[in-house]
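Each chain, letter by letter, is given below.
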Amino acid sequence: MLFPKGGWGVGRYVTLFTVRSAVALISSLRAAMLDAASLEPCPGDCDGSGSVTVDELVFGVRIALGLEAVGDCEAADTNRDSRVTIEEILQAVNAVLQGCDPTPSPYPSVSVSPTPQDKASPTAESTPTSRISTPTPTSSAVAGPSVCFRDVALEAGLEYVHYAVPSPPPRYEQFFFAGGAAPGDFDGDGFVDLAVTRISEPALLLFRNRGDGTFAEISDAAGLRVPGARLNGVAWGDIDNDGDLDLYATAVGADQLRHYLFVNHGSGHFTEEAVARGAAVGTEEPHYGFSVAFGDYDRDGFLDLHVTEWRPRAYNRRGAPSHARLLRNEGLLRPGYFQDVTAEAGVRLDTIPPLRADLGFGFSFTSRFVDFDEDGWPDLAVAADFGTSRLFWNRGDGTFTDGTEAAGVGTDENGMGSAVGDVDGDGLLDWFVSSIWDPLGRCQGPEGCFWGTTGNRLFRNLGARKFEDVTDAYGVRDAGWGWGATFWDPDHDGDLDLVVANGAHLPILDLIGLPDLDDDYERDPLRVWENVGGTMREVARVWGLEDERQGRAVVVWDYDGDGDQDLFVANNADRPALYRNDCGARRPWFKVRVTGTRSNRAGIGARVKVWRPGDTQPQVREIDGGSNYLGHNELIAHFGLGAVDRVQRVEVVWPATGARLVWHNLPANTVFHAIEPGVTTRPASFHRESSRSRWR
């Protein structure tokens, strides 16, 4: 075969291939290249004529094989490192076949994240406890696909419809905002499972990952059936630090009076214990629950949680308090039991006036605990509708202060989804909020339906609790009617790209005589932007991520264990999409799985940094227990390595203790398991875990 099994890795030079393989490459492309004409100057244009010939491509291959000198064709060595790699050969091939037009290729370009030098790399070191494993993939990419992603939901066994809409449809808008999903390895077998929510019964489905690229739906056997429930947001977290993941889900509907907590007993079975453990947020009022966020805001080593609610005055005629609540884990006194501390912590959301007072109060969609100011204490970021998004700074004493206006955030008019990541590579976590783009302003005026017009927001973290709006600089304002959002690195080039689910179909508009207002959003295409350094470009169609259904939750995970990031989209009132990534394995990657011993067991909130050789600024991730909107990503730190095949340095800081461990010189394409130092941990040892494969 032309490329090594699993795809080519950047930095694997052509000298690894035989001359016979190189000749096969040239022969297979010769006919197409002979027909190419009027090409712009491209990589591999040895004579500077403005076009690349077959002979020039052959000459580049001969340089890579060591048969010619690099100086005889400097254009073949695009990165000026005095050698020619297979990446550079393919750059020339793509340029010949496609011309020099900037339209993105389905083969993502290699780039290195910016490396500002305004921060010193950490120097403290300690003896680490760790494990390294090399996962066995459950699917293999096809060499040279025309697109990078393919929807494999049906063949993987993820067969369900989120909501069978009755006729006539219900008046509740919230049912059409719904559709949650969250990945988590609930049984500890090393394969990431998936929980999804539905408005139709059964309201909660658990798909167990078989480890061969397919799933089995086991909700009944796992004890997750709740008759009469309508569920929406969902999240995994180990609430009692017993080593297995528990599951929380919010309820939505006029007949729903509480939320649900399913406690994992470690045997593949759950029991619902929200009321007994103080986590139900139960009242006599209807619940219109949305997202769930886990995080240890008081740093006692146990996961707390925050839930959101979208409930306008039309569904709250009595003015009851919002069910958006902060629940504090009682910790060592009673692990996994909760107290409502919303008011005393200073994070009530139903006292924040919306853009129009007659709408009522309480419009939160998505929340997340994240340490934006790097003081060691998780802050609370909330994306909320009608101008009520908020950023609460953690004071470190169990309370928060509203810093929204001073920080320069909260300008989104209809905050819905939320993504957190270091988009510009400066070491600080930035914040993206999805919203509604309506340049025609069709819903404005005194009798309008009150949504905004100016679209998404990307807030760049400047440090010192200040942010800058860089939405237009990055070109990410228009996602239509945006919902779930997340940063990810599916091309493994070392910087963060962005995906946003979207769409709106609201039957209530038909009922009130405004049937055309949502027409532009009924077939909203999924938005995917590739980071190209200081800006982004839209690549959804080029990468094969074409979905015009009603996307809600978006989830990034490696469901098939091949090392790259796949994408799950929960579609409202429709079937889901599972996009398998067939291109990510072409570049090296590195993952860090974090376990707490004194911090929460799942490692949520841990800060992970990775330096590649030559980096002065690391890539930064937080293990995220927050929400993208109605769900979260895999609980792991995932890094693309671009053009290198080793990691120079890894640093992990645990959330409760602040313990920091550092490792050096680790191999690419491995899962690194970092275990917090504690009284029960042993000195560092590196070993390869035994294969987790069930099918070999």
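Everything quoted here is computed from the prediction, not taken from an experiment.

1. Comments concerning the overall build of the protein
Looking only at helices and strands, the protein features 10 helices and 36 strands. Of all 696 residues assigned to the protein, the portion counted as buried reaches 61%. For the protein, contacts bridging at least 24 residues in sequence account for 62% of all contacts bridging at least 6. As displayed, the protein has an accessible area near 25,200 Å², and 51% of this comes from carbon and sulfur atoms.

2. Quick notes on the sheet that holds strand β23 (residues 482-488)
One open sheet accounts for 4 strands, arranged β23-β24-β25-β26; its pairing is antiparallel. On the outer flanks of this sheet lie β23 and β26 (536-538), each paired with one strand and no other. Along the sheet, successive strands turn relative to each other by an average axial angle of 20°, direction set aside. One ladder, built from 5 bridges, connects β23 with strand β24 (residues 497-502); its direction is antiparallel. Among the inter-strand pairings, Phe-487 is bridged to a residue of β24, identified as Leu-498.

3. Describing the pattern of salt bridges
This structure, assessed with the given rule, holds 40 salt bridges. Between Glu-217 and Arg-225 there is a salt bridge, and its shortest N-O distance comes to 3.8 Å. What makes Glu-217 partly exposed here is its relative accessible area of 37%. With a closest N to O distance of 3.0 Å, Asp-402 and Arg-390 form a salt bridge. In this pair, Asp-402 sits in strand β18 (residues 400-402) while Arg-390 sits in strand β17 (residues 390-394), placing the two residues 12 residues apart along the sequence.

4. A few points about the packing of aromatic side chains
Going through the model one piece at a time under the given rule, you end up with 39 aromatic pairs. Their ring planes at 40° and their centres at 6.1 Å tell us that Phe-372 and Trp-431 sit as a pair that is tilted. Of this pair, Phe-372 sits in the loop between β15 (364-370) and β16 (379-384) while Trp-431 sits in strand β20 (residues 430-433), and the two are 59 residues apart along the sequence. Taken individually, Phe-372 and Trp-431 each receive the classification buried, so the pair is uniform in this respect. Pairing Trp-451 with Trp-481 gives two aromatic rings, centres 4.7 Å apart and planes at 75°, and the pair type is edge-to-face.

5. Remarks on the sheet that holds strand β27 (residues 551-557)
If you walk across this open sheet you meet the 4 strands as β2-β29-β28-β27, and the pairing is antiparallel. In the strand order of this sheet, the two ends are held by β2 (149-151) and β27, each with one partner. Each strand axis lies, on average, 20° off the axis of its neighbour in the sheet, ignoring direction. Taken together, the 3 bridges between β2 and strand β29 (residues 577-581) define a ladder with antiparallel strand orientation. Directly across from Phe-149, in β29, lies its bridge partner Asn-581.

6. Looking at the nonpolar core
One finds Tyr-248 and Val-592 to be the most contacted residues of the largest nonpolar core, which totals 64 residues. Within the second largest apolar cluster, 48 residues are counted, among which are Ala-178, Leu-205, Trp-481 and Ala-553.

7. Quick look at unusual backbone geometry
Residue Pro-168 follows Ser-167 across a cis peptide bond; omega there is -5°. Secondary-structure assignment places Pro-168 in the loop between α4 (153-156) and β3 (181-184). For the bond running from Glu-201 to Pro-202, omega is -5°, close enough to zero to count as cis. One can find Pro-202 in the loop between β4 (193-197) and β5 (204-209). Of note in the backbone geometry, Arg-299 takes a positive phi value of approximately 55° without being a glycine. Mapping Arg-299 onto the fold places it in the loop between β11 (287-295) and β12 (304-309). Phi at Asn-665 takes a positive value of approximately 55°, unusual for a residue other than glycine. In this fold, Asn-665 is placed in strand β35 (residues 660-667).

8. Considerations on the state of the cysteines
Counted by the stated rule, this structure contains 1 disulfide. What pairs with Cys-148 in a disulfide is Cys-583, and their sulfur atoms sit 2.2 Å apart. Residues Cys-148 and Cys-583 are joined through a disulfide that is left-handed, its torsion about the S-S bond being -90°. Of this pair, Cys-148 sits in the loop between β1 (129-133) and β2 while Cys-583 sits in the loop between β29 and β30 (589-595), and the two are 435 residues apart along the sequence. Each member of the pair, Cys-148 as well as Cys-583, carries the same accessibility label: buried.

9. Side note on the confidence of the model for the protein
Residues of the protein with pLDDT of at least 70 account for 81%, and the chain-wide mean is 85. Taken together, the stretch residues 140-145 has pLDDT below 50 and engages in 9 contacts with residues farther than four places along the chain or on a different chain. Contacts for the low-pLDDT stretch residues 679-696, under 50 throughout, to residues beyond four places or in other chains number 49 contacts.

10. A closer look at the pairing of β4
With respect to burial, β4 is a largely interior element, 5 of its 5 residues being buried. Where burial is concerned, the two faces of β4 agree: the one with Asp-193, Ala-195 and Thr-197 and the one with Leu-194 and Val-196 are both buried. As paired strands, β4 and β5 are joined by 4 bridges and run antiparallel to one another. Paired with Ala-195 across the two strands is Leu-206, which belongs to β5.

11. Focus on the environment of Asp-371
Relative to the elements of secondary structure, Asp-371 occurs in the loop between β15 and β16. Sequence separation between Asp-371 and Gly-605 is 234 residues, and the spatial gap between their C-alpha atoms is 8.1 Å. Sequence-distant contacts of Asp-371, defined by excluding residues within four places in its chain, comprise Gly-376, Trp-377, Pro-378, Asp-379, Arg-607 and Glu-622. Within the structure, Asp-371 has its side chain in polar contact with the backbone nitrogen of Gly-376 (distance 2.8 Å).

12. Overview of the side chain of His-632
Assignment of secondary structure puts His-632 in the loop between β32 (619-622) and β33 (637-640). Within polar-contact distance, the side chain of His-632 engages the backbone nitrogen of Trp-236 at 3.0 Å. When near neighbours in sequence (up to four residues on either side) are disregarded, His-632 contacts Ala-181, Ala-182, Pro-183, Val-234, Ala-235, Trp-236, Val-555 and Gly-626.

13. Focus on the pairing of strand β25 (residues 527-531)
The element β25 is largely enclosed, with a buried count of 5 among its 5 residues. Alternating positions in β25 separate into two faces, Arg-527, Trp-529 and Asn-531 on one and Val-528 and Glu-530 on the other, with burial throughout. By the bridge criterion, 3 bridges tie β25 to β26 in an arrangement that is antiparallel. Bridge pairing links Trp-529 to Glu-538 in β26. Linking β25 to β26, which pair antiparallel, is a turn of 4 residues; within it Gly-533 sits at a positive phi near 85°.

14. Thoughts on the environment of Gly-596
Structurally, the position occupied by Gly-596 is in the loop between β30 and β31 (607-611). Residue classification places Gly-596 among the buried residues on the basis of a relative accessible area of 1%. Those residues in contact with Gly-596, other than ones at most four positions away along the chain, are Arg-601, Gly-603, Trp-654 and Glu-676.

Thresholds applied
- Residues numbered from 1 in each chain as written.
- Predicted model: local features only at pLDDT ≥ 70, side-chain atom pairs only at ≥ 80, totals over all residues.
- Heavy atoms only, no water.
- Helix = DSSP H or I, 4+ residues; strand = E, 2+ residues; numbered from the N terminus.
- Buried < 20%, exposed > 50% of the residue type's maximum accessible area, 1.4 Å probe, protein only.
- Contact = heavy atoms within 4.5 Å.
- Areas by Shrake-Rupley, 256 points an atom, 1.4 Å probe, with all protein chains shown as cover.
- Pairing = 2+ DSSP bridges.
- Axes fitted to C-alpha atoms, helices over the stretch in contact; angles between N-to-C directions.
- Salt bridge = Lys/Arg side-chain N within 4 Å of Asp/Glu carboxyl O.
- Phe/Tyr/Trp six-rings, centres within 6.5 Å; stacked < 30°, edge-to-face > 60°.
- Core = buried A, V, L, I, M, F, W, Y, C linked by side-chain atoms within 4.5 Å.
- Disulfide = S-S within 2.5 Å.
- pLDDT = per-residue confidence, 0-100.
- Polar contact = N/O pair within 3.5 Å; in protein donor to acceptor, adjacent residues only side chain to side chain.

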